[in-house]
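Examination of the molecular architecture
Listed below, chain by chain, are the residues.
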Amino acid sequence: MAYRFWCGECGFKTSWLSESEGARRQMDHYTKQHPGIPPGGHVEANRKNPEGGNGCLQLVGVVLLLLVIAAACGR
């Protein structure tokens, strides 16, 4: 899972990162851009695998493999 942290004071947002790295970058942003203000805003969670993206391709491959096996067994 990946997280994106949004600033509560301006339009800043982190890229999709781990929760700890995103929180650290948000704190760094507040320290530099909004000194004296505690970090706020909101966190967006991406439940998809940020490094994945070919899950459908894998599913199609498994289905095709099963069809080939079924066709071979039917002979």
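As a starting point, this report considers the structure included with it. (Residues numbered from 1 in each chain as written. Predicted model: local features only at pLDDT ≥ 70, side-chain atom pairs only at ≥ 80, totals over all residues. Heavy atoms only, no water.)

Structural notes on the pairing of strand S1 (residues 2-6)
- With four of five residues buried, S1 lies mostly within the body of the structure.
- Of the pairings in the sheet, the one linking S1 to strand S2 (residues 42-46) comprises five bridges and is antiparallel in character. Within S2, the position partnered with Trp 6 by the bridge is His 42. (Buried < 20%, exposed > 50% of the residue type's maximum accessible area, 1.4 Å probe, protein only. Helix = DSSP H or I, 4+ residues; strand = E, 2+ residues; numbered from the N terminus. Pairing = 2+ DSSP bridges.)

Quick word on the pattern of salt bridges
- Inspection of the entire model under this criterion finds four salt bridges.
- Note that Arg 25 is salt-bridged to Glu 21, the shortest N-O span being 3.0 Å. Placement of the pair is Arg 25 and Glu 21 together in helix H1 (residues 19-33), with a separation of four residues, close to one helical turn.
- Judged by relative accessible area, Arg 25 falls into the partly exposed class, the value being 36%.
- Linked through salt bridges whose partners overlap, the residues forming this network are Glu 21, Arg 24, Arg 25 and Asp 28. (Salt bridge = Lys/Arg side-chain N within 4 Å of Asp/Glu carboxyl O.)

Everything listed here is a matter of geometry and, on its own, says nothing about what the molecule does.
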